[in-house]
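Coordinate inspection notes
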Amino acid sequence: MKQLQTFQVLPNIPKPLLFLETLSTNIWWSWQYDAVDLFRRIDPRRWNECHRNPILFLNHIPQARLKELAEDHSYLSHVKRVQEMYDMLPCRQMSDYNNLFHQQGTIAYFSMEFGIHESIPLFAGGLGILAGDHLKAASDMSLPLVGVGLLYRQGYFRQFMDQDGWQQEEYPETDIYQLPIEKAVDYQGEDIVVSIDGPFGKIYAAVWRLNVGCVPLYLLDTNLSENSREIREITAQLYIGDQRMRISQEMVLGIGGMRALEALGIHPSVCHMNEGHSAFSSLERLAQIIKTHKVDLKTALEIVPRTTIFTTHTPVAAGNEEFPADLIKPYLIPLEQSLGTTADEMISWGQPLGASPESPVSMFVFGAKMAQYCNGVSKLHGEVARRMWTHVWPERPEHEIPITHVTNGVHIPSFLSQENALLFERYIGTEWQKHPSKSENSQSIDNIYDEELWRAHTMSRSRLIRVCRKLMVKQYQRRNAPKDIMKNAELVLDQDVLTIAFARRFATYKRANLLLNEPDRFEAILSSNNNPVQFVFAGKAHPRDHEGKELIKRLIHFARKTNVRHRMIFLEDYDIYIARHLVQGADVWLNTPRRPFEACGTSGMKAAINGVLNVSILDGWWCEGYSEDRGWSIGNGEEYSDSVYQDSVESRALYNLLENEVIPRFYDRKTGDVPVRWVKMMKESMKMGMRIFCSHRMVAEYNERFYTPATNHLHNLLVDDARESRELALKHERYKNFWKDVKIEQPELQVKGPFKVGDTFQASTIVNLGELRPDEVEVELYFGVLKSVDTLPPGQAQHMQMLEAHGNGQYLYSCNVKCRYSGRYGFTARVVPRGDYKTRFEPGLITWS
Ligand SMILES: *Cc1c(COP(=O)(O)O)cnc(C)c1O
């Protein structure tokens, strides 16, 4: 085909309404109900038909309607109100706001997916929504943060079912002219195109900008005529199976992303790699630092990890990405020159210490090597990650593995129902959005009258039921279902019935069919006529996950039974739109993962802030959220080795909970038509969500614990011609060369004990440091309560002092230990490097007696 020239016809928006066009290009509108309504009220039906995409929507409004609105005073005053709010955004107030991103202190946040709104299909699931919420909260908090991702032409698949309930996948093309994006331009106003040397030739990528409030999200796109067909496909679909394609995607995201920022004049102080997919960004960052600051690779390797954050999300070893070394090598060879090293060395950065050069490259190991700040996404996940990755820091006791946690949070304005948002405005004040986690805010929730909260929730439930019916009709229409089935679909579910939602990816560990473990018992619950219950299921299985698809099929078949089909449905094509209605309108949010495989989970948080009560296994975030005054736990956090047995125990626990506690409490209306005890739990749930599980708390935590110290550190690392970094590199080199000679003898106690609480004793040991000096190391007595004779107990380390130099690198060290608690202790001693966190936790640099 010939190369086509293009032209586009834009809607002719009357002058008084021009703000609508501006508004449509900043997704900020999506978390301001007043702004959403500005579009919606033009034509509510068409708004939904256009999938709440304002650009598409404005294209479909007849000119006559626009003209009418331009003369409608109430509409124009609504426009004015929203415009005033929009103009209050810091990036609208400060003409040089964009310059913020060119100064020191910019944080670059890399993610393979971003879930921002249903009209922007650049995500697959929770990881993406989390990334979207991170950007939104950063915008609300005026943090100088930029997002970096990929612009998928097809995104993740759309789900629909065949007659038999078997999942089918569709990859419709996204019309990028209907996305709120624009080409990113450099300082001369030229479109930015970056290039990456791939094994099959140059990969060119265009760079787009999407405005998330004040935060720019830069998206790379390889669908350019300069590229071959295969290369254009790199940014076609999210999470495709082919490993070469995956590596190419991650190269475009990481290397291309850093190059795009450079072309924009943005030199991030801090990089945040959301999951291992974006870890290649640190390779390009090394190259940029080598070039800009005229340092060698060793020095750059002291700078990059000290200013990088790496968040891991997967508590299953198999879920962490690995690539065969020989597959990845051709992608690294083009980087050899700018980094001044070999592809083989780069490969070794992704292999645990001591692994053979042929062993696979782990994106976790690579990420952890490049980031001193490494975290899991809930308290429990932090523990699981430390256990899972002990082999990366050999000889470290598990509790010292340098992985911490920052529990996820959700962007409340994006998921709070409109009814609840009104209540918040009335009872908390219009400013609540700015600091949702402030404790005064959450306390005010107690002031809401029970009746008002219940009414608001009932409204949300009605809306959910309406949406379910509409979607069910659509599902059946697509399948050409007979008339009587269509009729049933129009009337499925009830407005006033206890509604339980289960919506998430259909990964097997999430056990979507735990309720089917004893089908008769589930059927009895569903078909009961006093105290009725209804269930809404939704979720996608990964295209290659046959087991997951099997789960969906079983549910769909079960839901066809005559006596349950009025009360149980499966909604196809779970997305943010469905999620929003479910987390607002359901009464109970059900979650049944196999502990500890749910790293965090965020949908339950979205439910909680809306007063939807969680019934969940104690896994992920719920371990931190659960208390009996705001929800229910299935079991007590047990872990099992026999999964069949586990399913039978936990499904029974779930049936019992539903029958004996959840259902009776919902229908306990002794004091009128409001379930008072239930509403009390709703309020506790909302308070918890606002205080702890909101994205503002999460982003503030990343900022205080990681971004700010890393930014400050970068400054120190670079001043004086990067003096500190160069010194660190020299020091590191000495450790590398001389650590093998470090020896330490068993420590001895001056008196043998037993001791009484309050006693003090002295311990001492002989250390041989070889070429290293005492000021370069830390000698520590390590002791803890014994569990068995031959394993190192989780214990504490106490600093030992150098008392005498014996010559030839030999020293006597000693310390006084105070006996604080009674018990049987084991003790030993060790040598570690002296220095900052990064220095101390360098894998391999630890010697025990
Ligand atoms: C919140 C959300 C998720 C993540 O929920 P989990 O609890 O982690 O399963 C996935 N998909 C959509 C559409 C969401 O809104």
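What counts, and where the lines are drawn
- Residues numbered from 1 in each chain as written.
- Predicted model: local features only at pLDDT ≥ 70, side-chain atom pairs only at ≥ 80, totals over all residues.
- Heavy atoms only, no water.
- UniProt positions renumbered as here; feature names shortened; annotations may be inferred.
- Domains from an automatic or database assignment.
- Pairing = 2+ DSSP bridges.
- Helix = DSSP H or I, 4+ residues; strand = E, 2+ residues; numbered from the N terminus.
- Axes fitted to C-alpha atoms, helices over the stretch in contact; angles between N-to-C directions.
- Contact = heavy atoms within 4.5 Å.
- Near = heavy atom within 4 Å.
- Polar contact = N/O pair within 3.5 Å; in protein donor to acceptor, adjacent residues only side chain to side chain.
- Areas by Shrake-Rupley, 256 points an atom, 1.4 Å probe, with all protein chains shown as cover.
- Nonpolar A, V, L, I, M, F, W, Y, C, P; charged D, E, K, R; others polar.
- Phe/Tyr/Trp six-rings, centres within 6.5 Å; stacked < 30°, edge-to-face > 60°.
- Buried < 20%, exposed > 50% of the residue type's maximum accessible area, 1.4 Å probe, protein only.
- Lys NZ or Arg CZ within 6 Å of the ring centre and 35° of its normal.
- Parallel < 35°, antiparallel > 145°, perpendicular 65-115°, else oblique.
- Left-handed = near helix turned anticlockwise from the far one by under 90°.
- Core = buried A, V, L, I, M, F, W, Y, C linked by side-chain atoms within 4.5 Å.

Labelled according to an unreviewed UniProt entry, the protein chain appears under the name Glycogen phosphorylase, originating from Desulfonema limicola. Taken from UniProt, the Catalytic activity (unreviewed entry) comment for the protein chain reads in full: "[(1->4)-alpha-D-glucosyl](n) + phosphate = [(1->4)-alpha-D-glucosyl](n-1) + alpha-D-glucose 1-phosphate".

Some remarks on the domain arrangement of the protein chain
Per the domain assignment, the segments making up the protein chain are domain 1 (15–88), domain 2 (97–408 + 703–723), domain 3 (416–693) and domain 4 (742–848). For domain 1 versus domain 4, the distance between C-alpha centres works out to 68 Å.

Some words on the sheet that holds strand E16 (residues 533–538)
Across the sheet, six strands lie side by side as E17-E16-E15-E18-E19-E20; this open sheet has parallel pairing. Each edge of the sheet is formed by a strand with only one pairing partner; in this case those strands are strand E17 (568–571) and strand E20 (631–634). Pairs of neighbouring strands in the sheet enclose a mean axial angle of 20 degrees, with direction left out of account. The pairing of strand E15 (residues 498–503) with strand E18 (residues 588–591) spans two bridges and is classified as parallel. Bridge pairing in E18 links Ile500 to Val588. Strand contacts of helix H23 (residues 519–527): E16 and E17, with the helix running at about 115 degrees to E16, the strand carrying the most contacts. Of the strands in this sheet, E15, E16, E17 and E18 are in contact with helix H25 (residues 576–585), which crosses E16 at around 155 degrees.

Quick look at the site of the ligand
For the ligand, the set of nearby residues contains 13 residues, the closest of which are Lys510, Ala579, Thr602, Ser603 and Lys606. One nitrogen or oxygen atom from the side chain of Lys510 is found 3.1 Å from an oxygen atom belonging to the ligand. Thr602 is positioned with one of its backbone polar atoms (N or O) 3.2 Å from an oxygen atom of the ligand. In isolation the ligand exposes 390 Å². Once the protein is present, 93% of that is buried. The residue makeup of the shell around the ligand, split by class, is four nonpolar, five polar and four charged. Counting contributing residues per domain, the shell around the ligand is built from domain 2 (97–408 + 703–723) and domain 3 (416–693), each supplying no fewer than three.

Some remarks on the packing of aromatic side chains
Under the counting rule described, the total for this entry stands at 36 aromatic pairs. Ring geometry for Phe39 against Trp47: centres 5.5 Å apart, planes inclined by 15 degrees, an arrangement best described as stacked. There is no split in this pair, since Phe39 and Trp47 are both buried. Stacked on the ring of Trp208, the Lys or Arg Lys183 has its end atom at 4.9 Å from the ring centre. The lysine or arginine in question, Lys540, covers the ring of Phe157, its NZ or CZ lying 5.0 Å from the ring centre.

A look at the UniProt feature "modified residue: N6-(pyridoxal phosphate)lysine" (unreviewed entry) in the protein chain
In the UniProt entry, the feature "modified residue: N6-(pyridoxal phosphate)lysine" (unreviewed entry) is given for Lys606. The class of Lys606 is buried, set by a relative accessible area of 5%.

Details of the side chain of Ser282
Structurally, the position occupied by Ser282 is in helix H11 (residues 281–293). By relative accessible area, Ser282 is classed as buried at 3%. Polar side-chain contacts of Ser282 include one of 2.6 Å to the backbone oxygen of Ala279. With near-sequence residues (within four places) excluded, Ser282 lies in contact with Met273, Val304, Phe366 and Met370.

Examining unusual backbone geometry
Leaving glycine out, the prevailing phi sign among residues is negative, and the prevailing peptide bond configuration is trans. Put simply, Arg595 and Pro596 share a cis peptide bond, and its omega is 0 degrees. Note on placement: Pro596 falls in the loop between E18 and helix H26 (603–609). For Ser142, which is not a glycine, the phi torsion comes out positive at approximately 55 degrees. With respect to the helices, strands and loops of the structure, Ser142 is situated in the loop between helix H8 (126–140) and strand E2 (145–150). Residue Ser142 is classed as partly exposed on the basis of its relative accessible area, which comes to 31%. With a phi angle near 55 degrees, Tyr239 is a residue other than glycine that sits in the positive phi range. Structurally, Tyr239 can be placed in the loop between helix H9 (229–232) and helix H10 (243–263).

Overview of the packing of H10 against H11
Remark: H10 packs on H11, axes separated minimally by 6 Å, with the N-to-C direction vectors making an angle of 40 degrees. By the criterion of interaxial angle, the relationship of H10 to H11 is oblique. Considering how the two elements wind past one another, H10 and H11 form a crossing that is right-handed. Seen from H10, the contacting residues are Gly254, Ile255, Met258, Arg259 and Glu262; seen from H11, they are Ser281, Leu283, Glu284, Arg285, Gln288 and Lys291.

As for the nonpolar core
Ranked by size, the top nonpolar core spans 150 residues in total, and within it Leu261, Leu283, Trp349 and Tyr707 carry the most contacts. Among the elements that line this core, the one with the most residues is helix H30 (residues 695–738), at 11 residues. When residues of this core are assigned to domains, at least three fall in each of domain 1 (15–88) and domain 2 (97–408 + 703–723). Beyond its immediate stretch of four places on either side in the chain, Trp349 contacts Leu283, Leu286, Leu297, Leu301, Leu339, Thr341, Val365, Phe366, Lys369 and Met370. Ala421, Trp432, Phe506 and Leu590 belong to the second largest nonpolar core, which has 65 residues in total.

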